[in-house]
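Chain by chain, the residues:
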Amino acid sequence: IMKDVAKQGLGSNAGWYLEANFAGSTISNIYFNDCRSFLTGSTNHLYGLLIAGTTGYVGDIFIEGTNFSGTSTAWFSKSGTIGPIHFIPPNGQGTAINTATTIAIPPDGSYFQVIGSTAITGVSWNPWDNGRRAKLIFAAGTTVGSPLSNAKIGGTFSTLANYSLTLTGTTSAWNEDSRSLNA
């Protein structure tokens, strides 16, 4: 278990790096709780957590209350054979999402303002989204299409300001929990 830990680096690729790099090796049941990866001097890490199952297995990684906002590329990166990742993002408002044909839900919060009017036809999915809930609160009118790439929703959703869509990640996609017309 790693708790209340801050990792500084001098431009390394990741604040935390897990790699199973020989045949039959296993890294599992690792817990990150309230860990941080942040800027050191003028250099950020590229990733907060880099997970590589090069020739072995990495899985059952638990991440809760962790903030990798001091990274320059992404909070997480993975390659190779990776098992379950259990991610509970920080509670609260995350980085705003600009509308695009495919949107990415940032890992830094539990609800997000969606800005813009470009029609949305897809949502990026990552292994750490499994079990995660994300509430999207729209700032303006847009259309969330159905079918939606990497997400199952109950039909096309035409939004106005303050409408919301709540999604839960499964093992391979997002599913709609609810939608609200709180205009």
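Rules used in this analysis
Residues numbered from 1 in each chain as written. Predicted model: local features only at pLDDT ≥ 70, side-chain atom pairs only at ≥ 80, totals over all residues. Heavy atoms only, no water. Salt bridge = Lys/Arg side-chain N within 4 Å of Asp/Glu carboxyl O. Helix = DSSP H or I, 4+ residues; strand = E, 2+ residues; numbered from the N terminus. Buried < 20%, exposed > 50% of the residue type's maximum accessible area, 1.4 Å probe, protein only. Contact = heavy atoms within 4.5 Å.

Re the pattern of salt bridges
- Scanning the model with the defined rule gives three salt bridges in all.
- Aspartate 129 serves as the salt-bridge partner of arginine 132, at 3.0 Å between the closest nitrogen and oxygen.
- A salt bridge links arginine 133 to aspartate 177; the nearest nitrogen and oxygen atoms lie 2.9 Å apart. Placement of arginine 133 in strand S13 (residues 133-138) and of aspartate 177 in strand S18 (residues 174-181) is noted, with a sequence separation of 44 residues between them.

Observations regarding unusual backbone geometry
- A cis amide bond, omega 10°, links serine 146 with the succeeding residue proline 147.
- You will see that asparagine 29, though not glycine, has its phi angle at about 55°, which is positive.
- Inspection of the secondary structure puts asparagine 29 in strand S4 (residues 26-33).
- The backbone of asparagine 162 shows a phi angle near 75°, a positive value even though the residue is not glycine.
- You can see asparagine 162 is positioned in the loop between strand S16 (157-158) and strand S17 (163-169).
- Looking at asparagine 162, the relative accessible area reads 44%, which means it is partly exposed.

Details of the environment of phenylalanine 157
- Along the chain, the position of phenylalanine 157 falls in strand S16.
- Through-space distance from the C-alpha of phenylalanine 157 to that of valine 144 is 5.0 Å; in sequence the pair is 13 residues apart.
- Not counting chain neighbours up to four residues away, the residues in contact with phenylalanine 157 comprise Phe138, Thr142, Thr143, Val144, Tyr163, Ser164, Leu165, Arg179, Ser180 and Leu181.

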